[in-house]
Amino acid sequence: MAAHPPAHPRRLLPLSLGLFQGALLLFFALFITYDKPSAQAEDANLVANQLYGIFPLFQDIQVMLVVGLGLLLTFLPRYGLSVLTHNFLLLNFSTQWALLLQGLLHHIHHGQVHLDLHNLLIAEFAAVTVLISVGAVLGRTSLCQLLIVATCEVPVYLASEWVIVTHLGVLDVGGTITIHVFSCYFGLGVSKALFGAVQRPVHPKENPTPCSDLMSLVGTLILWVFWPSFVAVLCQPGDAQHRAILNTLLAMSASAMTTVVASSLLEKDGKLSPSHLQNGSLAGGVAIGAVADMTMPPVAALALGSLSAMACVLGLKFLTPLLARKLTLQDQCGIHNLHGLPGILGAAASAVAILVAPEDTSRSRLSQEA
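Residues numbered from 1 in each chain as written. Predicted model: local features only at pLDDT ≥ 70, side-chain atom pairs only at ≥ 80, totals over all residues. Heavy atoms only, no water.

Draft legend 1. Summary view of the overall build of the chain. Counting secondary structure elements, the chain contains 12 helices and two strands. Going from N to C terminus, the chain has its helices and strands arranged as α-β-α-α-β-α-α-α-α-α-α-α-α-α. Of all 370 residues assigned to the chain, the portion counted as buried reaches 46%. Pairs at least 24 apart in sequence give 82% of the contacts found in the chain among residues at least 6 apart. As displayed, the chain offers around 18,400 Å² of accessible surface, 70% of which is attributable to carbon and sulfur atoms. (Helix = DSSP H or I, 4+ residues; strand = E, 2+ residues; numbered from the N terminus. Buried < 20%, exposed > 50% of the residue type's maximum accessible area, 1.4 Å probe, protein only. Contact = heavy atoms within 4.5 Å. Areas by Shrake-Rupley, 256 points an atom, 1.4 Å probe, with all protein chains shown as cover.)

Draft legend 2. Structural detail: unusual backbone geometry. For T328, which is not glycine, the phi torsion reads 50° and is therefore positive. On the secondary structure map, T328 appears in the loop between α10 (298-326) and α11 (335-356).

Draft legend 3. Representation of a nonpolar patch on the surface within the structure. A cluster of nonpolar side chains, namely L51, Y52 and F55, defines an oily patch on the protein surface of about 330 Å² accessible area. As for its position among the elements, F55 is in helix α2 (residues 41-72). (Patch = residues over 30% accessible without salt bridge, like charges linked within 9 Å, V, L, I, M, F, W, Y side chains within 5 Å. Salt bridge = Lys/Arg side-chain N within 4 Å of Asp/Glu carboxyl O.)

Draft legend 4. Looking closely at the packing of aromatic side chains. Enumeration according to the criterion identifies nine aromatic pairs in this entry. Between F20 and F93, the ring centres sit 4.7 Å apart and the planes meet at 45°, which makes this aromatic pair tilted. Residue F20 is found in helix α1 (residues 9-31), and its partner F93 is found in helix α3 (residues 80-110); the two are separated by 73 residues along the sequence. No difference in accessibility class separates F20 from F93, as the two residues are buried. Ring centres 5.1 Å apart and planes at 50° place the aromatic pair F27 and F31 in the tilted group. Taken together, the residues span about one helical turn, with F27 and F31 both in helix α1 at a distance of four residues. Given the relative accessible area of 6%, F27 is considered buried. (Phe/Tyr/Trp six-rings, centres within 6.5 Å; stacked < 30°, edge-to-face > 60°.)

Draft legend 5. Here's a closer look at the layout of surface pockets. Size it by volume and the second largest pocket reaches roughly 1,000 Å³. In this structure, the second largest pocket is lined by 46 residues; those nearest its centre are F75, D331, Q332, C333 and G334. Within the residue set of the lining of the second largest pocket, elements represented by two or more residues are α2, α4 (117-133), α7 (210-232), α9 (274-288), α10 and α11. Broken down by element, the residue count for the lining of the second largest pocket peaks at six residues, all from α9. Taken together, the residues of the lining of the second largest pocket break down into 25 nonpolar, 15 polar and six charged. (1 Å grid on protein atoms, 1.4 Å probe; cavity = no way out; pocket = protein on both sides within 12 Å on 5 of 7 lines; lining within 4 Å. Points joined across faces, edges and corners; volume = space filled by probe spheres on them. Nonpolar A, V, L, I, M, F, W, Y, C, P; charged D, E, K, R; others polar.)

Draft legend 6. Here's a closer look at the pattern of salt bridges. The final tally for this structure, using the stated rule, is one salt bridge. The closest approach of N and O atoms between K317 and E267, which form a salt bridge, is 3.5 Å. You can see K317 sitting in helix α10 and its partner E267 sitting in the loop between α8 (239-266) and α9, a full 50 residues away along the chain.

Draft legend 7. The arrangement of the side chain of H180 in detail. With respect to the helices, strands and loops of the structure, H180 is situated in helix α6 (residues 176-195). Setting aside residues no more than four positions away along its own chain, H180 makes contact with I132, G174, G175, W227, F230, V286 and H339.

Draft legend 8. Quick peek at the nonpolar core. Counting 85 residues, the largest nonpolar core has F125 and W227 as the members making the most contacts within it. Looking at this core element by element, the count peaks at 10 residues for α4. (Core = buried A, V, L, I, M, F, W, Y, C linked by side-chain atoms within 4.5 Å.)

Draft legend 9. Here's a closer look at α7. Given a rise of 1.5 Å per residue, 23 residues ought to cover 33 Å, and the 34 Å separating the end C-alpha atoms of α7 matches this to within 8%. The axis of α7 is deflected most strongly, by about 50°, at F226, and proline P228 appears within four residues downstream. (Expected span 1.5 Å × (residues − 1). Bend = angle between axes of the 7 residues up to and from the residue.)

Draft legend 10. A look at the side chain of T220. Residue position: T220 is located in helix α7. A relative accessible area of 2% places T220 in the buried class.

Draft legend 11. Broad picture of the confidence of the model for the chain. Residues with a pLDDT of 70 or more make up 87% of the chain, whose mean pLDDT is 88. By mean pLDDT, helix α12 (residues 366-369) is the weakest element of the chain at 41, and α9 is the strongest at 97. Of the regions scoring below 50 in pLDDT, residues 1-5 engages in zero contacts with residues more than four places distant in sequence or in other chains. Taken as a whole, residues 360-370 scores under 50 in pLDDT and shows 32 contacts with residues more than four places along the chain or in a different chain. (pLDDT = per-residue confidence, 0-100.)

Draft legend 12. Quick look at the packing of α8 against α10. Orientation of α8 relative to α10, taken along the N-to-C sense of each, is 40°, at an axis distance of 7 Å. Considering only the axes of α8 and α10, their crossing is right-handed. For the pair formed by α8 and α10, the contact residues are N247, L250, A251, A254, S255, T258, T259, A262, S263 and L266 on the first element and P298, A301, L302, G305, S306, A309, M310, V313, L314, K317 and F318 on the second. Looking at the contact of α8 with α10 residue by residue, the classes come out as 13 nonpolar, seven polar and one charged. (Axes fitted to C-alpha atoms, helices over the stretch in contact; angles between N-to-C directions. Left-handed = near helix turned anticlockwise from the far one by under 90°.)

Draft legend 13. Broad picture of empty space enclosed by the protein. Tallied over the full model, the rule gives two cavities of 30 Å³ or more. Taken as a whole, the largest cavity encloses approximately 40 Å³ of empty space. At four residues, α3 tops the list of elements feeding residues into the lining of the largest cavity. In terms of residue class, the lining of the largest cavity is built from seven nonpolar, two polar and no charged. Considering only enclosed or pocket space, the second largest cavity measures out at about 30 Å³ in volume. Grouping the constituent residues of the lining of the second largest cavity by class yields three nonpolar, two polar and one charged.

Okay, here's the thing in structure tokens:
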């Protein structure tokens, strides 16, 4: 009797995703439930207020990840449709994978798992690290490879976040350290592992066109508008959340202005570089996350936004070519300049802010109270 022919490679991906979705359905059917509705009016009002407080910010983050980040990555003209599809699939896959891992850990210790919007938000933050990391290898890897990266990265992120936030007690409401710095160097590690042995020249098809740069700039503007929601969503409602929004707006405004100045001075013809504007204008939002909810003068937020934008632009201009030449480190989207360098600046600013802050400075994170 003739042996069955092996499955076509193109069918392996949908079959694998189908099996994953089936396993998730089984796990949810056995272990996941919603909280029972409260019978008391006061408790019901409290739950409603919490929902109305977090859901608009959650929607803003959805727009950032699905639309803004997807469009930001379309600067490669021959990869625009693929990157939007891959970004959307990776977001959903990584979020469900994070929910599954969180549920397993919670089930082991507490039995039945109660799902709420806060759990989903934490899972999406795990997915954000994947979306950032794959920027280092954008356009040079298959979707199967990206899904393998996501499968490996999500549990590593959850473990590192537990160590940083729970074990070490680091307060990082905007994910400067736990999300941006982690995802940057994880992505660079993946790039080095896959392509570090050879220095590959830039392919002509990888050069951005005016149309692809325009689409990417639209993504930048969407991210710029909604970034305060990303930083403030995990802050304690009230003064801390108010400070986080104000500090983020100030930092991002300063980073946008500084990017224009620095790019014009560094370019020979005095024109703005699209890549500088697409990245540098967001650097302030990355850096401010670690200190956004702290009591500090407004000038500190402006200064941090300016410094992070300067670091990003200088990194794009000088550091990325140097790393590619000396270390054969390929960083397709410049994640080291947008997420790594501003993230390190934000971490340093957090250490300084804690040293000079008064003893009664109020900082809190919802995940620590959950």
